Every structure is written in C-alpha cells, then in structure tokens.
Number of protein chains: 2
Amino acid sequence: MVLNFEEIKKRYDSKVLSRRNEDLYINVQPIQRGGVLTPAAQKILVEWGDGYSICDNCLKGDIRSIENPPVNEFIKDLSKFMGIYDVVFTESCRRAKQIAMAVIKEKFPDRNILLIDANAHYSTFLAAEWNNLEVKEVPNNGYPEFRVELEKYAEKIDEIEDKTGNLPLAALLTHVDYSYGNFNEAQIVSNICKKRGVPLILNCAYSVGTLPVNANELGADFITASGHKSMGSSGPIGILGFSEEYEDIITKRSKLKGDITGKTFGHKLCYMLGCPGVYGAPLMTLMASFPYIVERTKPENAKIEGEKAEYFIKNAERIEGIKMLGTRPKVYPLINLETPAFEKIAENHPRKGFFLREEFKSRGIVGMAPGISKKLEISTYGLTWEQVYYLTDTLLDIARKYNLKIN
Amino acid sequence: MVLNFEEIKKRYDSKVLSRRNEDLYINVQPIQRGGVLTPAAQKILVEWGDGYSICDNCLKGDIRSIENPPVNEFIKDLSKFMGIYDVVFTESCRRAKQIAMAVIKEKFPDRNILLIDANAHYSTFLAAEWNNLEVKEVPNNGYPEFRVELEKYAEKIDEIEDKTGNLPLAALLTHVDYSYGNFNEAQIVSNICKKRGVPLILNCAYSVGTLPVNANELGADFITASGHKSMGSSGPIGILGFSEEYEDIITKRSKLKGDITGKTFGHKLCYMLGCPGVYGAPLMTLMASFPYIVERTKPENAKIEGEKAEYFIKNAERIEGIKMLGTRPKVYPLINLETPAFEKIAENHPRKGFFLREEFKSRGIVGMAPGISKKLEISTYGLTWEQVYYLTDTLLDIARKYNLKIN
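Caption draft 1: Expanded view of the overall build of chain A. Broken down by element type, chain A carries 16 helices and 12 strands. Over its C-alpha trace chain A gives a radius of gyration of 23 Å, about what one expects of a compact globule, namely 22 Å for 407 residues. Going through the 407 residues of chain A one by one, you find that 64% of them count as buried. Taking all contacts inside chain A whose residues are at least 6 apart in sequence as the whole, residues at least 24 apart take part in 67%. Counting only carbon and sulfur atoms, one obtains 49% of the accessible surface of chain A, whose full area is about 15000 Å². Each charge class in chain A can be summarised by its mean position, and for the 53 positive and 53 negative side chains these summaries are 4 Å apart.

Below, the structure is given as structure tokens:
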C-alpha cells in the first residue's frame, strides 16, 4: 500500500471536494435544473444517506414489495402519475431505454432497426448499440427550428419494412430534446406506430417530472424517465413504465440453477439483476419529492415555466444577432440561443471563448458550457421570477459591456 | 390526474418516510455495516445531493476526466488501492460482474460456462443469466464450515473442457461470501486459472473497503467492488477493476452513426452507456470516504474487526446449541450462528419466529431477519468495542430470559 492517510486525507478533504458554487450561484445548466432537490428531499437525504439504507426494510427480497416506507404504494402512485400500467426502477433513464429495447427484442427477435428522431440523445444511441441495433433517423426541419417531422415516422417505417422485410424493432421519440428543448406531440407518432404494429418508446427524461405526461393518453408502450434529471431525486434513478403487454417479459425471473447446491433465485427479476441500484437515497429522495413533482407538473404550473423561458428569450433576442433555435412557444424551458456577436468578441478576447462563461460567473450565474461563445444553452426550469429577471438583466448587461446593439 | 397534492403530501411526508431506527438503534444487518457513511461523506452528501450535481464539472463529456473535484486523480488512487491496472465505475458490483462477463465473452465468444464457488451471491447468477451463460459450481465442504474447496477449481475446469471442448468463460470467486462471511485465499484459484488460461473475476463486494485487497498480488484479472456495501458511499456505485489485457474491450467507444444527422458519439464508452449512473452523491461520498477506507483496510486495523467478531462468537457459543457456521478464525466479521434453542422457543412463542428480532429491537439492536429464529446472521463490522460488548450482553440477556443454559 503506497497510499498515505495524511496525504490522501488532504487530497480528498471536504474543502477540496466542496461544491463551491452551489450556495451562492444560480445554476442554469440544462441537465441540472430538474434534479435540484426539493426541501423535503434534502431532509430525507441525510436520513437515508448510508449505502443500502432501504434494504433493512426489505422483507421479501424485492424492492417493489417494501411496505414501510411505502415503496409498493409509491409504485402504484407513480404509475398513475405517468399514466402507465406499471413501472420498474432502473439506475437511469438510459438503462430504462436499454432494457425496453431488450424486452421488445425478446418479442420480435427478427427486428434489428430502431427508428429514432433526429434530436435523440446520445444515450439512445448507446442503448441501441448495447442491443446490437442499427438506428435510422426521422429528420427534423433544420435551422432554425429543428422541429422533428413527426408525420415522417410513417414513411420511415414503410421504408425500413420495404428494404429489410421487417418492421423496425420500435420507434423511439424524444419527448423533449436535450439540444433545443423542443416538445414533440407524441400522439402523432403513436397513431402511426399503432397502425403499423411498431411499439413506441417515449423518452421522457426531461418531461416526466416537469410537464404533465400521461403515457396512456399519448399512446406510448414504454415510457422512460429520470429521477435525477427531472424529478428532484439525488439519483441515480430511472423509471421504466410499460404497458401490460410487456409485463411478462420485463418481470421475468431468474431460472439459473446451481448444479451442486441447487440454488435458484426464482423471485429475482432478470432485467434488474435482482434489484436495480437505487437502494437508498435515490429512491427515498424521489419519494420525498413526489408530492411536489405532482404539483409542479399540473398544466397551470408547468405553463409558467414556459412563460419564464419566453420572457428571457424575448429579451435576449433584443441583442444583435441573438436568435433562439428550436420551436416556439417554449413548452419546456431548455433554451438554445445562437450568439454570433459573442463569438466575434471571443476572437479578440484574451480569454477567448471562455469569456462568456466567466462574465456570467462573475455575476453569480453558472452552468454555461466552457469555451463556447457562439451559442448559449441554458434552462430556466424552476428558477424564481426574480432569478429569471436577474438572468435576463445579466445577459443584457454583458451585451452592453461589449457595446452590442440592443433593440 | 387523480393524485391530490394534500393527500399525496401526507402519504410521502418526511415523518412517514423517516428512517426511524437510525438515530437510536445499532444496526447489525450484514449488508449495512460497510456502507455506513463516514462523517466526511455525510458532510459531502448534503452539498452534492442534487441530481447530476457532478456533471457541471464535466468539461470533456467523460466522468473519468473530471479534474475538479479530482475524479481523474481518484481513479488512479483507487486503482493503486485495489492493486489493479485501471477501474471504471458502474452502478453496482453486480453490474460490474455483468460487464466483466460480457467483456470476456467478446474475447472468447465460444465459451459459455461460468465457473463459480458454491457460496456465490445471487447477483452472480443474475449477471451470468443476462449474458446467457450456464453456471457450474465448485463445492464447499458442507456443514458446519461451508469452506469452498478452492483447489477443486482445477478439476472443474478440466471437467468442463473435457465435456464441452471449451474452457469455462471465466472463473468467479466470491472473496468473502454473503452467507457465512468466509474469506477465500484467492491466490489458490488464480494459480489454477493462470495455468489453464481462464480469466478470474474476484467478487470483492464485501472485501474491498474492509480488508486489504490487492488484485495484482491475488492474481485476479477482474475485481468487482461495491461503494455502498463496503466503502462508505451512499451509492449506488460499483467498481470494476481490470487488467491491461482487457482495456480495449472495456473502454470501447460508440460507433453508431445517425443516417441523416451523421451524429456519432465516439468518446462515449459503450459498456457504461456513456456514463455510469453515479453522477453526484454516490461518487462524491465514495471520494470523501476514501481516506478513511484506506486507513481502515490496513492489515492492523482490519484485524481488529475479526477480533470483535471472535469476541462475540466466543460468548454466543456459550449459549446452549449455538454454533457458528463458516470458517475460523473470522477474517471478515459477517457471522452466521445456528440457534436451535431459539427455534424451539419460537414454536410456542405468541410472536413465533419474530420474537428474536423483537427482543433485540426492544433492546436497541436492529437488522435481524424477520420471522427467523433458527439462525442469526449479523455483522459486527465497524461497531465500536462498546457496541460489541452491548450486542454480546444483549444476546446473553435474551438467552437468560428464556432460561437457556449458558456455560
């Protein structure tokens, strides 16, 4: 052992590991906003922080059966909330997608192509790759809207069937995408899929927990969600919602048997490797946040988040050259602005592309991508109106400092 | 939406979700002891509790490259600590096993059998099943020691090769098992495996973080560990350590390409689905606990944990019929006692098998399996000597209450 305690202690001291910015700064990083803990979750986090903390309460060897705390009830409430037959927990939304694809593959072993939208997240690619699937894309309409041409799912399905003799394994639609925050009307795709017998996976990493989402009304066979991205959980925790049709496959149980001991574990779920890795804080903070998630996703409350984004965008676009990319009006407040004037400033700035992030940081706002000045990708989700005003004023202030024209 | 905020709020109130026992009780559940947060980790947990909290600091799209907090340095320190070429994070030790098997399968696609010890954990079965592997067991020597007959890995490998024409995909050895807490001398197995060209996966869910473990010295090709089980992390977080030979496969990167957008994600690791789900609290609490883990696993400190177990066992065996199952002396303090006298009491007790757990609970000790009186499975890991004395006195006190003979 060459590691020295005193030396190692210094290297991993709480001052070194400190999340310095969080007390003082407003964080507008798009993947951060929906995962901010609610006060209820913060309280619970400390109590359940120990590893495996919830497993004490597991009397039947199945996380879904824990009665106290009421995990079993929570699963029912969560299913109701998401408008889906049932849910299982996974370690992440990407894991939920990976499992959904594997499950469908069991049902349709001859289908090898996943049809995705052009705005799909990288983890959709990785989940498909794990399952040895090819991906085919449904296009978006390009600059500046990048709106997915949802009706084209029909021709793409037909094209795949014509070319390969098989339907695509599934269609996957990103409900709200990571790049432009575009919101997609899932019913358009589900109507197409239903007619052709193609299962629909709806990736709701950004939408479940921030927008009203009902899988049944939207016609999704599978719905994937992220506790740490959008549901106020410390995470990691993903949710895989599924329709009754796939229950037997998703909940299939272990059949392997030890040849000497005869040991079998027939109550353990294969796709969860027994239990998903959400054993304590991830699940408990999700449960603690849940009532607030239910409240904030009511249409009248979710709408306000779109309005905050619109306020910011309207003012941002007063600055010369700034233009929002994506569809309007904003349903989800993930905002992508092109900022050519900032890019020009960066060319001659001693800090180059980093200047923009640093200007924001010096004004108490963090979460901008480092080194990038030609665009600004942020989210106003869950900011107070005061914070939205301050963010807006800060952007205008930086523009003024560099003598940009403001209308 | 049929969920009502006020109603839901009551159902998931912090009082309902409260982990009631933790302030007042001593928890001796075997899977709980090694995951108790260190004070340093408790401090860090609150700061990094938000979902995705660490991703702000990820400037290169790869969790392994984060410099501040020093994740990149931590990976080097952790590799050194475990005596292995390199490590990747996973969501759990079971996931690490699953990935190790898949990786070896890429190298040896014709091998379909996993050779495991008779004391292997259920998650080893599940990980094998995910990879469509059969399992074959190496026996233990049965009651009362259940010692794995390590030297028999040799004949089992030969037997598999003779029968199937192929070597087993890998040998997996459970370093310390979940049932008896038996510690296995891994070198015996690795010597056998090396001679026959069979990779060795050493499952160290209980040992890395509690005992000195050096994969290189032990001759393991893969080593799997659990942050939430044995390394003072809130988790879930697993660790997969691997030898240089497998680096290219474990770290293979995404190759899928969008047919319309041309999008590729060539920097994302396939087996981690891009990034493993350990994005904030799991990894940060692991890092905060690390110096204390290094300290507690020094031979002179780890030894004391065995001594605490021996003290308890020695006294427990003074009670009529109580007998420890497993090997002596204890290296790891997971203790399995058969308690036939308690089983007899349960027959006529109004609370049946539950009486034993309840007797302990009324004396401030929790973590015993519910409804079971014929055996007692506990761990004294990390208890203070005072707690060990109290636990011992409590067991004797319960025995006295029911007039059992004590030598």
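Caption draft 2: Broad picture of helix H3 (residues 39–47) of chain B. Taken together, the buried positions of H3(B) are B:Ala40, B:Ala41, B:Ile44 and B:Leu45. Buried residues in H3(B), looked at end-on, bunch into an arc of 135°, giving them a common side. The exposed residues of H3(B) that point more than 90 degrees off its buried face are B:Pro39, B:Lys43 and B:Val46. Taken together, the buried residues of H3(B) touch helix H2 (14–17) and helix H3 (39–47) of chain A together with helix H12 (281–296) of chain B.

Caption draft 3: Structural detail: the sheet that holds strand S10 (residues 334–338) of chain B. Residue and element names in this part refer to chain B. Taken in spatial order, the three strands make up an open sheet running S9-S10-S12, and their pairing is antiparallel. A strand with exactly one partner marks an edge of an open sheet, and here the two such strands are strand S9 (323–325) and strand S12 (375–379). The average angle at which neighbouring strand axes cross in this sheet is 30°, direction not considered. Pairing of S9 with S10 involves three bridges; the strand directions are antiparallel. Note that in S10 the partner of Lys323 across the bridge is Glu338.

Caption draft 4: Quick peek at the relation of the copies chain A and chain B. When chain A is fitted to chain B, the best match, at an RMSD of 0.0 Å, comes from turning it 180° and sliding it 0.0 Å along the axis. A rotation of that kind, with that shift, is consistent with a two-fold axis. Most of the interface of chain A is mirrored in chain B: 100% of its interface residues are interface residues there too.

Caption draft 5: The arrangement of the pattern of salt bridges in detail. All names here are of chain B. Tallied over the entire structure, the rule returns 50 salt bridges over all chains. Among the ionic pairs, Glu73 bridges to Lys76, the shortest N-O distance being 3.7 Å. One end of the pair, Glu73, and the other, Lys76, are both in helix H4 (residues 71–82), three residues apart, so they sit about a helical turn from each other. Judged by relative accessible area, Glu73 falls into the partly exposed class, the value being 31%. Residue classification places Lys76 among the exposed residues on the basis of a relative accessible area of 52%.

Caption draft 6: Quick peek at unusual backbone geometry. At the junction of A:Asn68 and A:Pro69, the peptide bond is cis and its omega measures out at 0° in the coordinates. With respect to the helices and strands, the residue A:Pro69 is situated in the loop between H3 and helix H4 (71–82). The step from B:Tyr143 to B:Pro144 runs through a cis peptide bond, and the omega angle for that step is -5°. With respect to the helices, strands and loops of the structure, B:Pro144 is situated in the loop between strand S4 (134–138) and helix H7 (152–164). Unlike most non-glycine residues, A:Tyr52 shows phi in positive territory, near 60°. Along the chain, the position of A:Tyr52 falls in the loop between H3 and H4. We note that A:Asn132 has phi near 55°; this positive angle belongs to a residue other than glycine. As for its placement among the helices and strands, A:Asn132 is situated in the loop between helix H6 (122–130) and strand S4 (134–138).

Caption draft 7: Highlighting the pairing of strand S5 (residues 170–174) of chain A. Residues and elements named next belong to chain A. Of all the five residues making up S5, five are buried; the element is thus mostly covered by neighbouring parts of the structure. Sheet topology places strand S3 (residues 113–117) next to S5; three bridges connect them, and they run parallel. Bridged to Leu115 within S5 is Ala171. Once you follow S5 into helix H8 (residues 186–196) and on to strand S6 (residues 200–203), the crossover reads as right-handed.

Caption draft 8: Spotlight on the interface of chain A and chain B. Listed per partner, the contact involves 111 residues of chain A and 111 residues of chain B. Around 9600 Å² of area is buried between chain A and chain B when both sides are counted, 61% of it from carbon and sulfur atoms. Where chain A touches chain B, the interface holds six salt bridges. Top element by residues in the side of chain A that touches chain B is helix H12 (residues 281–296) of chain A. It accounts for nine residues.

Definitions and limits used
Residues numbered from 1 in each chain as written. Chains lettered and ligands numbered in written order. Predicted model: local features only at pLDDT ≥ 70, side-chain atom pairs only at ≥ 80, totals over all residues. Heavy atoms only, no water. Helix = DSSP H or I, 4+ residues; strand = E, 2+ residues; numbered from the N terminus. Rg over C-alpha atoms; globule rule 2.2 N^0.38 Å. Buried < 20%, exposed > 50% of the residue type's maximum accessible area, 1.4 Å probe, protein only. Contact = heavy atoms within 4.5 Å. Areas by Shrake-Rupley, 256 points an atom, 1.4 Å probe, with all protein chains shown as cover. Lys, Arg positive; Asp, Glu negative; His and termini not counted. Charge placed at Lys NZ, Arg CZ, Asp CG, Glu CD. Arc of directions from axis to C-beta. Pairing = 2+ DSSP bridges. Axes fitted to C-alpha atoms, helices over the stretch in contact; angles between N-to-C directions. Least-squares fit on C-alpha atoms with pLDDT ≥ 70 in both. Salt bridge = Lys/Arg side-chain N within 4 Å of Asp/Glu carboxyl O. Right-handed = clockwise from strand over helix to strand, strands pointing away. Buried area = accessible area lost by both parts, 1.4 Å probe.

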